[in-house]
Amino acid sequence: MSSFKRDKKEEEDSGGSPFMNLDKTIVLQEARYFNETPVNPRKCSHILSKILFLLNQGEKLSTQEATDVFFATTKLFQSKDVMLRRMVYLCIKELSKLAQDVIIVTSSLTKDMTGKEDLYRAAAIRALCSITDSTMIQAIERYMKQAIVDKNPAVSSAALVSALHLSSTAPDLVRRWVNEAQEAINSDNAMVSYHALGILANTRRNDKLSIVKMVTRLAKSPLKSPYALCLLIRLAAQLVENDDSDAAQPYIEFIECCLRHKSEMVIYEAAHAIVNLRKTARDLAPAVSVLQLFCGSSKACLRLAGARTLARLTSKHPTAVAACAVDLENLISDPNRSVATLAVTTLLATGAESSVDRLMKQISSFVSEISDEFKIVVVKAIRRLCQKFPRKHQSLAAFLAGMLRDEGGLEYKAAIADAIITLVEENPEAKETGLAHLCEFIEDCEHTTLAVRILHLLGREGPKSRQPSRYIRFIYNRVILESGPVRAAAVSAMAQFGAQRPELLPNIRVLLARCEMDDEDEVRDRAIYYNAILDSGDQQLINDFIIDVPKSNPILLEKALRDHIATKPDEPFDIMTVPMEEEKKKEKEDVVEIEARKPKQMTIEEIYTQQLSRVPGIESLGPLFKTNIPIDLTEPETEYRVRLLKHVFVRHIVLQFECLNTLNDQILEKVSVRLDCPPEYEIKSMLFCQRLVYNQPGSVFVVIEFPCAYLDSLGTFGATLEFVVCDCDPNTGAPDPGEGYADTYPLEEFSIYCLDQIRARIMGDEWDSTWERAANVPEVSGNFVLPELDPATAAKSVCEVLGIPKSGIIDGAIKEIRGGGVFRGGAPYLVKVRIGPSSEGVRMQIAARSPREDVAQLLLAALE
Amino acid sequence: MVHTGTMEGALFEPTLYIVKGMCILDNDGNRILAKYYDKNILPTAKEQKAFEKNLFNKTHRANAEIIMLDGLTCVYKNNVDLFFYVMGSSHENELILQSVLNALYESVSILLRRNVEKRVLLDNLDAVMLAFDEICDGGVILDADPTSIVGRAALRTEDVPLGEQTVVQVLQSAKEQLKWSLLK
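Treat the numbers as computed from the prediction; the structure is a model and nothing was measured.

Draft legend 1. Structural context of the overall build of chain A. Helix and strand content of chain A: 38 helices and 17 strands. Across its three principal axes, chain A shows a C-alpha extent of roughly 100 × 85 × 65 Å. Evaluated residue by residue, chain A yields a buried proportion of 52% over its 864 residues. Considering only contacts within chain A whose residues lie at least 6 apart along the sequence, 64% involve residues at least 24 apart. With the model as given, the accessible surface of chain A reaches about 40,600 Å², and the carbon-plus-sulfur share is 52%. For chain A, the separation between the mean place of its 103 positive charges and that of its 119 negative charges on side chains is 5 Å.

Draft legend 2. Local environment of the pattern of salt bridges. Residue and element names in this part refer to chain A. Counted according to the given criterion, the structure contains 49 salt bridges over all chains. The residue K24 makes a salt bridge to E65 at a minimum N-O spacing of 3.3 Å. Of this pair, K24 sits in helix α2 (residues 24–30) while E65 sits in helix α4 (residues 63–74), and the two are 41 residues apart along the sequence. In this structure, E682 engages K684 in a salt bridge whose closest nitrogen and oxygen atoms are separated by 3.7 Å. On the basis of relative accessibility, which here comes to 44%, the residue K684 falls in the partly exposed class.

Draft legend 3. Local environment of a negative patch on the surface. Residue and element names in this part refer to chain A. Taken together, the side chains of D406, E407, D444 and E446 present a region of like negative charge at the surface. Of note, D444 is situated in the loop between α26 (431–442) and α27 (448–461). We classify D444 as exposed; its relative accessible area is 66%.

Draft legend 4. Structural detail: the domain arrangement of chain A. Residues and elements named next belong to chain A. Once the domains are mapped, chain A shows domain 1 (447–549), domain 2 (604–751) and domain 3 (755–863). With 14 residues of domain 2 at the contact, the number on the domain 3 side is 16 residues. Roughly 1,400 Å² of surface becomes buried between domain 2 and domain 3 when both sides are summed, with 59% attributable to carbon and sulfur atoms. By the criterion of area lost to domain 3, the three top residues of domain 2 are F625, Y710 and L711, representing 53% of everything that side buries. The interface formed by domain 2 and domain 3 contains 1 salt bridge. Between K646 and D756 there is a salt bridge; the shortest N-O distance is 2.7 Å. In this assembly, domain 2 and domain 3 are joined by 7 residue pairs in polar contact (both at pLDDT 80 or more). Here the residues of the side of domain 2 that touches domain 3 sort into 8 nonpolar, 3 polar and 3 charged.

Draft legend 5. Layout of a nonpolar patch on the surface. A cluster of nonpolar side chains, A:Y529, A:L541 and A:F545, forms an exposed patch at the surface whose accessible area comes to about 270 Å². Turning to its location among the elements, A:L541 is positioned in helix α32 (residues 539–547).

Rules used in this analysis
Residues numbered from 1 in each chain as written. Chains lettered and ligands numbered in written order. Predicted model: local features only at pLDDT ≥ 70, side-chain atom pairs only at ≥ 80, totals over all residues. Heavy atoms only, no water. Helix = DSSP H or I, 4+ residues; strand = E, 2+ residues; numbered from the N terminus. Buried < 20%, exposed > 50% of the residue type's maximum accessible area, 1.4 Å probe, protein only. Contact = heavy atoms within 4.5 Å. Areas by Shrake-Rupley, 256 points an atom, 1.4 Å probe, with all protein chains shown as cover. Lys, Arg positive; Asp, Glu negative; His and termini not counted. Charge placed at Lys NZ, Arg CZ, Asp CG, Glu CD. Salt bridge = Lys/Arg side-chain N within 4 Å of Asp/Glu carboxyl O. Patch = residues over 30% accessible without salt bridge, like charges linked within 9 Å, V, L, I, M, F, W, Y side chains within 5 Å. Domains from an automatic or database assignment. Buried area = accessible area lost by both parts, 1.4 Å probe. Polar contact = N/O pair within 3.5 Å; in protein donor to acceptor, adjacent residues only side chain to side chain. Nonpolar A, V, L, I, M, F, W, Y, C, P; charged D, E, K, R; others polar.

Next up, the structure:
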């Protein structure tokens, strides 16, 4: 019955439309008609649109099918019908990615491109560029240059845009058309000058000087096209952003001037740029008032643009946004829920505690209607509220819990769970309620990753609560009901309870014993492992392997394991050689922002492992211990720029000199670095950079062996860059004939510090007990008097030298700094520094403990 | 680029590649025409259709002009049984996207002689495909002026009774119709 109904509906809908229920094979059959002469253009055009429709619907053609259709289509060049010819171009473009031998139509297209029919020319250029590769392009280069400056705007635009597409594969070639593009920028046609500006900005994006020249010139004679102006504003804003001097002032003035343009697009672009510049413009008021006007517009787009941009301002200039409160209030009940959400969250961020309840009620009325992105915005706003108004935690946590029960994707749920987790961590009063909400959530949670995270949190926070036993039921339920990974996490969480609460230990042991019969290997292994450790009753063991386990960076661990298996599978693997997980840097909070697609964050070690693998013999150095933050060895605006990365291994250090040649008329060859080493260091090998072309970074690697004695490892190096210069053509990059000449370039000195060789670890509450347990390892201590007057500054600089995060400072009349970590080679250390005022500045007392006494001595030496 | 400092990311990117996608759906959310221009965004037909379904569900009731979805800013407009969408990065000037949507809608409207509905559109699908191609090329806005787009999309000469109207006249009438729609 229902299918009958649907059929009827479809019939009504399509009304015999030729595009419903198309069959691929039939359509491909129809394409054979193209081979007849003469053809009916109308009929052909119809068949072509069927083919395009099918492709557009996601129908897949095999290479053979695509090639057949493509060749049939080429027969249609015989017809003179304009519309049909245009459909042929379209088909060529679509099929060029699927079919073989598409270059066969090059000559037909070249003919059309240079012919008399204007309606053909533009489209023919675009079709032609979609089938040519960089080797073929030289043949049509002359035509392209002509087309760019053609008086027909369609032709000119088509050539410019095609050139832009080509520049991703053949940048050098397109760079030769810059003069033509320069000419096209002055075209009367708005789109032509927009496209010309775009291509110039693209080819010159690494040449700051010429961008400066271009922007300065164009800012004086404003462009007609609003699109081009928007692009120019973006370029100007970028210049301001990268320039801290007053030289940027004219650009800011230009952008401010655009606020008075007649096109809303340009006004918004300018306001957005001003609001988002890192360096604040003198006066935000005009930009803010423009945005305020947008908020009152009848167009939803404008309201959203206005509200969004104001929302971004909240972190930097809350007062400026607070002034727009009235306008935002009006948007709370906006029919566009995105606008309403932004308005409410912005008001929440800037408003007072008293208005929280009212606004929350507003949100809850429409939260189910908005997309996940915006729900995340709301969650983040609430999360900040929790920090701002801790007293409101009850109602906020209840609200979050309500959201947690709603439908939603993983990202949304994760954001809520994150918010509750921070609430639990930061607000002791909210801990019990927050944990209770989370417990309830995992009872019915479809996302494995989230359940695992929450179980981990329960394991960490649960044992510290007043009634830890109540959480165990929730955790054990997971063992009964869930999939393998969740069960394993639940086992780990239970072990935490057993380790930290002796009164629960017998019960936990019983539960763990039951898990020892689990089907899943991981669950079983964990249960047996934890049970054995708990069984031992050794508090030290329990602490090191259950409560406070150092976590290795998973990616580097994987690599280290793979290397280990490849090189020396028979030896036991030492996990201490793998860098620890660094504590994630607190993300810069953008107050109300919709998540864009963000690239994955990588640690510095992960980024450079690939490059390091080029160094011959690198495997014999063992696993990478640490890569230090790069330091510049040249001034920022010099002809050659060099950055140094210190990759530290157990007994070696690899210096990576990352060089950039900023002269487009030179190629550097055989680039190397001459080092003046401190006496104890020994250079093992050096990997030259054979060729350094304009604007493409290349690296020189030097492998150096550390001195045997740790204490000798602090030292200063001198460095000089050595290379052979070959002149080249700035446009093509082709080297001039003849030999180059050798030259050198001095680099700044650099040192190897203690900090380079240690990996500091974040120490939590357990520091005291760890320190006590280390009472019988060697200790080195010393007293210093520092000339610096202020204990706070002294404490900060000590932290910097030892790589201890600032959070390691315990404030008080006498400041105490506690830290610890691992020295290269795996020797752990602990350090305690006490800083107090004294008669002549600051008094500092240092104690360092390490099983290797020389490590402790080195730490002391570093502070001297 | 290793040496240049990372941009704050707050400013808009100075690029011509602004449009991430355009599509026309019918009133059941089925695709009539769709083009996606960024290889990294919705690369497969399956992902695209899932996105379109989601987009349609979120937009077909609320006539709210703009929505942020899956990291994209989508502006939209509907008429009778057709939905027009233009997508850009969530970090893009919304008003530029809006102008592209207007260009798309207006040029289709002119091509269909103001009868913007599914059946008429399917009858003129070839012309609408050409208009699509004239508005955006690989993510770059090629033209945003409806009359010139229609001019370039080339009206079928047979459709116009010869001798009565020349192409110029057709354009003239189109221009007038546009003027009327703006005055309304």
